[in-house]
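Letter by letter, the chains look like this.
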Amino acid sequence: MILFIWVISLFSQASEKLDTLALQEVQVSAPAFERFGQGQKVLSWNTTQLARLQNQTLSDLLSEQSPVFVRSYGPGMLASPSFRGTSAGHTAIYWNGLPLNSPSLGQSDLSLFPLIAVDHASLQFGSAGALVGNEAIGGSVHLNSKIPFNLSSKLLFSQEIGSFGQSNTHLKWSRSWKKTALQSKYYRHFAENDYPFKDLSLPGTPEKTQEHARVLQEGFVQDFSWRIKPDKLFKSSFWYNRADREIQAPMGSSTQDLQKDESFRWVADYEIIKSQSQWILKSGLVSEKQFFNQSLNQTRQFLLSGEWDYASKGNWSFHMGSRISLIKGELSTYSATDQRIEFFQFSKYQASEKLILSLNLRQQVFGDTFQPFIPGAGLDWKIWKKEEQELTFKFSGGKGFKVPTLNDRFWSPGGNPDLLPEKSWSAESGFEWKKNKLGQTLTFYTLNVDNWIIWLPQGSIWTPQNIKQVISKGIEYSGNTGFTLGQSIWESNWSFSFNKAVPIRGTSKNDASIGKQLPYTPIHQAAIGLKGTWKHWLLSLQGNYTGQRNITADSPKTMAAYKLFHLAASFKGLKMGRLQIPMQFRVQNIFNTDYQAIYLRAMPGRSYHFNLSIQL
Amino acid sequence: MKFNYIRFSKVLALFFILFSCVENEPERPLGEYDSGILIMNEGSFGANDGEVYHLNPTTGTLKSDIFEAANGRPFAGLLEDLIYENDNMYLVANTGKVEVVNPGDFTSLGAVTSGLDQPRSLTVNSGKLFISDYGPYDQNYGTPDSYIAVVRNTLGGNVAKKISVSRKPEDMISFGKYILVAGSEESKVEVIDAEKEEVIKTIEVGGNPSVFYEAAGKIWLYSTGLSEVYFYSFHLDNFTLATTNIYPIANATGKIAFGNDDIMYLLTSSGWPDYNDGIAQVSVLGPELNPNWYSGSGFYGIGFDKNRGELYLANSNGFQGNGTITVLDENGSELRNLDSGRGPSGFMMR
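Residues numbered from 1 in each chain as written. Chains lettered and ligands numbered in written order. Predicted model: local features only at pLDDT ≥ 70, side-chain atom pairs only at ≥ 80, totals over all residues. Heavy atoms only, no water.

Peer 1: Which residues make up a nonpolar patch on the surface, and what values go with them?
Peer 2: Where nonpolar side chains cluster on the molecular surface, the patch consists of Leu155, Phe157, Leu171, Tyr186, Phe220, Ile614 and Leu616 of chain A and spans about 550 Å² of accessible area. Take Leu616 of chain A: it is sitting in the segment after strand 36 (607-615). (Patch = residues over 30% accessible without salt bridge, like charges linked within 9 Å, V, L, I, M, F, W, Y side chains within 5 Å. Areas by Shrake-Rupley, 256 points an atom, 1.4 Å probe, with all protein chains shown as cover. Salt bridge = Lys/Arg side-chain N within 4 Å of Asp/Glu carboxyl O. Helix = DSSP H or I, 4+ residues; strand = E, 2+ residues; numbered from the N terminus.)

The following block contains the structure:
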């Protein structure tokens, strides 16, 4: 089938060379995972929304504004996602189409993605092995650069100071012409993190000041777009990031670990855009170094892909391609290389104005063998649509997979080269209802992850095995509305999620964890957001509730639920000639809640942040 | 009458003076944890969730997290050792602290919370605490600066002195004003004069010295080698080796339980790549020797209830969650199973 459509694509490409339609008319704006992801939920943040969060990281964004539970080991410390009950390695993360999860660890530290570096972010829910690829079991995160053409020069300097020795500096410049666009960003985030906390490890639980938690992160991003011809576009982005962190010890320990992370990421796209089709050739490189104390771990990934997108004049759309990834790891205990080839094909059929169906397929070759075929399918059905309201039914199902990481296979001693990929299937259905300014969605999902890899001690050596099988089921509800009060305009959103993620197979038949909620996976989560604008003022309030979490797999011990609220006020009315001087004052954790996301990992109480920008 | 009052008051005064001169500390009322079995749960690395469980073997009642229940705060450390000396219970966390609790109810009496690196064990001598400590890791994860920390108060406080010893000191035992230290990495036993707070002698032994115990009026050392185990006794007048017994028991881990009739149970683990764990049975004072008395996997701690003739075997269950305890009779037959905390690593029979 894939070959057949490739043949069609080549012929159609030949026939379209005569077309001379303008770029803007045909440019495919939404990424493929959105256009072919019928029945799947996607949450997005645009440039304006991210600009308000530019002093925060992906960890903050997901924990405050999505149902992803972020396992945070302290401010600026390791933060890993738990999405729909899955583990940290079950959320794929992409930047401009490049996979960012470490090939050796199989996961990412969300604290290492400052939001200033990106212009658009999307969160895709559920297993999408066919649409997205490796590791999209719980879902996936997509970070992108976006620089429009024909914009005048913009220069922004921003400085934020805050409690606990925080000092963030940003410098951003962008300029675009008719055919070229440039954007440069530099950021430096520093925090002493010397916040007070109640030390539960000491008699009398005295208040102490956090020590050894200093974080410095800085980086540089360069985005470039060149419209070579009306139908040809070249885009390239480069992102250098380094972080130098003192690793915050859990209460009761006084370890003095140091971690340095350094990453170079580069991607280039060449796009040929025709009236009904588009070619995208992508090449990218991700090079990462991590020093943990004196131990150096280094990985490199090179990626090359070719994709073709076609929208027929009828009701069909296709997207297909292949991707080659070459991976090299030089870890403290081993060196290894890996090669992966993927073929994928997405199809969409608009059966009627009300019904859209999609079928997506992916074949992965990992090692020397073809892994099981990964399918996914979905539909969006507008049950009814009237002037003021519409109701859409969504349904999708699909498989996901995760190739064992380099560490899983090659770590010495203990690596297990015979591991199978983790595999999952998921199904979700739900409704989207919109009436005037009120919107609500309700989603039910079920997710089954098998061959779940866990490391077990075998004598004094730990080794990974395909042991567990986990079923995760849940409900996600969200809503939003808008209203006016006098001259002020308000927007509000709210969400609630319920998740039950339990192993149905464990290390043995008598494994006490079977049937019990996975550790650090809250059953209940909720969020509320309120944003109001009045003249040059903007006020926003964000609240989150995180339910009780089990500390261990067999759940005899739990951590208390907590509620956090954050408030921000911005003023954009101050101008001096051509200079605009926007300001923001932010209070994080306004009720000074004493909480831990992870057992005995202290988190900061109330903090104040003031941001002043100069924009030219 | 007046005379009688004076005589009576003199007798009464004499009575009070006589009894006040006798050093007889008031008896501490026995608490719930002064009997039964304490289960040490080491906890998981990086999580600091070590704790103590209490089992009443008569009723089968198991109480979890008794430190947290008594003190309203978690233990917050990796529990390396549990020592009952000087009528206090000492909980040694290798994450860098020692908690001192009332042995009857586990309420906090004091602590050593600073000045330690990786404490392993403790003994009380001459009104002071002596804490064996690996010292900090160097760049190659070696421990060249191991020491015995001295705290001059049996209820905790600051570390007053660090006595340098050979690498990786483990168990200690007091004898008079002297302390024997098991120097596990360099095959040494160091003798410390507790009053002078210095090492006065070093005895060379074989294997990795692990545990001291008393039997037949002597102090013994259990030491493990790759393919054999060693039992040494000492002349305590001049601190020289008295007897040496070597048994062909391979892969012993250093964990030992003392059964009835001088029989000892040694935990063994073949480790990589076969992962076979087992229990060997041996007696220095008797004829028993069975290197393969019991086998399985995941064994992490061992203890013996002499009153009931039952062996307690702890399984860490891969640290994926809590561990389990299997109770065996003296023939190695399984009697029952119990839950435990994370990483059950040892037992104290009260």
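Let's pick the thread back up.
Peer 1: How would you summarise the interface of chain B and chain A if you had to cite specific residues and measurements?
Peer 2: Contacts between the two partners involve 28 residues from chain B and, on the opposite side, 34 residues from chain A. Buried surface at the junction of chain B and chain A, summed over both partners, amounts to about 2,300 Å²; 57% is from carbon and sulfur atoms. There are 2 salt bridges connecting chain B and chain A. Between Glu68 of chain B and Lys557 of chain A there is a salt bridge; the shortest N-O distance is 3.7 Å. Linking chain B with chain A are 5 residue pairs in polar contact (both at pLDDT 80 or more), by the criterion used here. Where the side of chain B that touches chain A is concerned, the elements lending two or more residues are strand 6 (97-101) and strand 7 (108-112) of chain B. Among the residues forming the side of chain B that touches chain A, the class breakdown is 8 nonpolar, 12 polar and 8 charged. (Contact = heavy atoms within 4.5 Å. Buried area = accessible area lost by both parts, 1.4 Å probe. Polar contact = N/O pair within 3.5 Å; in protein donor to acceptor, adjacent residues only side chain to side chain. Nonpolar A, V, L, I, M, F, W, Y, C, P; charged D, E, K, R; others polar.)

Peer 1: Give a description of the sheet that holds strand 5 (residues 88-93) of chain B that names residues and reports values.
Peer 2: Residue and element names in this part refer to chain B. Spatial strand order, 4-5-6-7: 4 strands in an open sheet with antiparallel pairing. Only two strands of the sheet have a single neighbouring strand rather than two, namely strand 4 (79-85) and strand 7. The mean angle between the axes of side-by-side strands here comes to 20°, regardless of whether they run parallel or antiparallel. As defined by bridge partners, strand 4 adjoins strand 5 across 6 bridges and the pair is classed as antiparallel. (Pairing = 2+ DSSP bridges. Axes fitted to C-alpha atoms, helices over the stretch in contact; angles between N-to-C directions.)

Peer 1: Summarise the environment of Asn56 of chain B; cite the residues concerned and give the values.
Peer 2: With respect to the helices and strands, Asn56 of chain B occurs in strand 2 (residues 51-56). Separated by 19 residues in the primary sequence, Asn56 of chain B and Ile37 of chain B have C-alpha atoms spaced 6.5 Å apart.

Peer 1: Account for unusual backbone geometry, with residues named and values stated.
Peer 2: Apart from glycine, the bulk of residues carry a negative phi angle, and the bulk of peptide bonds sit in the trans form. Residue Pro413 of chain A is reached from Ser412 of chain A by a cis peptide bond, and omega for that bond is 0°. As for its placement among the helices and strands, Pro413 of chain A is situated in the loop between helix 6 (406-410) and strand 24 (422-435). Of note in the backbone geometry, Lys535 of chain A takes a positive phi value of approximately 50° without being a glycine. As for its position among the elements, Lys535 of chain A is in the loop between strand 28 (524-534) and strand 29 (537-546). Overall, Lys535 of chain A belongs to the exposed group, its relative accessible area being 62%. The phi dihedral of Ser187 of chain B is positive, around 55°, even though this residue is not glycine. (Buried < 20%, exposed > 50% of the residue type's maximum accessible area, 1.4 Å probe, protein only.)

Peer 1: Pulling in residues and values, what's your account of the pattern of salt bridges?
Peer 2: All names here are of chain B. The full count for this structure, using the stated rule, is 44 salt bridges over all chains. Linking Arg120 and Glu170 is a salt bridge whose minimum nitrogen-to-oxygen distance equals 3.2 Å. Here Arg120, found in strand 8 (residues 119-125), pairs with Glu170, found in strand 12 (residues 169-175); they are 50 residues apart in sequence, far enough to count as distant. By the burial criterion, Arg120 is buried, and Glu170 matches it.

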